[in-house]
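Commentary on secondary and tertiary structure
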Amino acid sequence: MSFKDYCKSDISKKETIKNVPEDEGVVSNVSVEEKYEKYSKLSKEELMAEFVKESRAVKDKGGYSSSQIDMMKNILFPHLSEEQKIYFESLIGMVK
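Below you will find a few notes about this structure. (Residues numbered from 1 in each chain as written. Predicted model: local features only at pLDDT ≥ 70, side-chain atom pairs only at ≥ 80, totals over all residues. Heavy atoms only, no water.)

Take helix 4 (residues 44-60) next. Taking 1.5 Å of rise per residue, 17 residues should cover 24 Å, and helix 4 covers 24 Å from first to last C-alpha, within 8% of that figure. Where helix 4 is concerned, the buried positions are E50, V52 and S55. Backbone geometry just downstream of helix 4 places G62 in the positive-phi region, at approximately 100°. (Helix = DSSP H or I, 4+ residues; strand = E, 2+ residues; numbered from the N terminus. Expected span 1.5 Å × (residues − 1). Buried < 20%, exposed > 50% of the residue type's maximum accessible area, 1.4 Å probe, protein only.)

Turning next to the pattern of salt bridges. This model, assessed by the stated rule, comprises five salt bridges. With a closest N to O distance of 2.9 Å, E37 and K41 form a salt bridge. Residue K41 is classed as exposed on the basis of its relative accessible area of 63%. E89 serves as the salt-bridge partner of K73, at 2.8 Å between the closest nitrogen and oxygen. On the criterion of sequence distance, the pair formed by K73 in helix 5 (residues 66-76) and E89 in helix 6 (residues 82-95) is long-range, its members being 16 residues apart. When salt bridges that share partners are traced, they join K38, E50 and K53 into one network. (Salt bridge = Lys/Arg side-chain N within 4 Å of Asp/Glu carboxyl O.)

Okay, structure coming up:
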């Protein structure tokens with residue numbers, strides 16, 4: 001099932017995350033739909049600028065340690081094309 005299909009399914013509306021304290025793991029109070037609406041119309045350059053801005057803001061607040069970034073890279077890299085890997089490496093360089 002693709003992410004797009006999952007979002008359209010009833011499952012996404014029924015599943016909840018259990019046993020996670022309310023304030024733990026919260027990125028923002030903005031819903032996924034609101035984020036999608038905000039970012040879906042941006043160009044690649046605008047998205048990149050927004051990503052760097054948001055990442056730096058989180059890092060300034062003590063988030064995104066180098067080890068967390070490396071862990072995210074290790075999880076995502078097997079699923080990326082060579083072109084995406086190069087682009088992702090440049091984004092990582094900007095955030096670190």
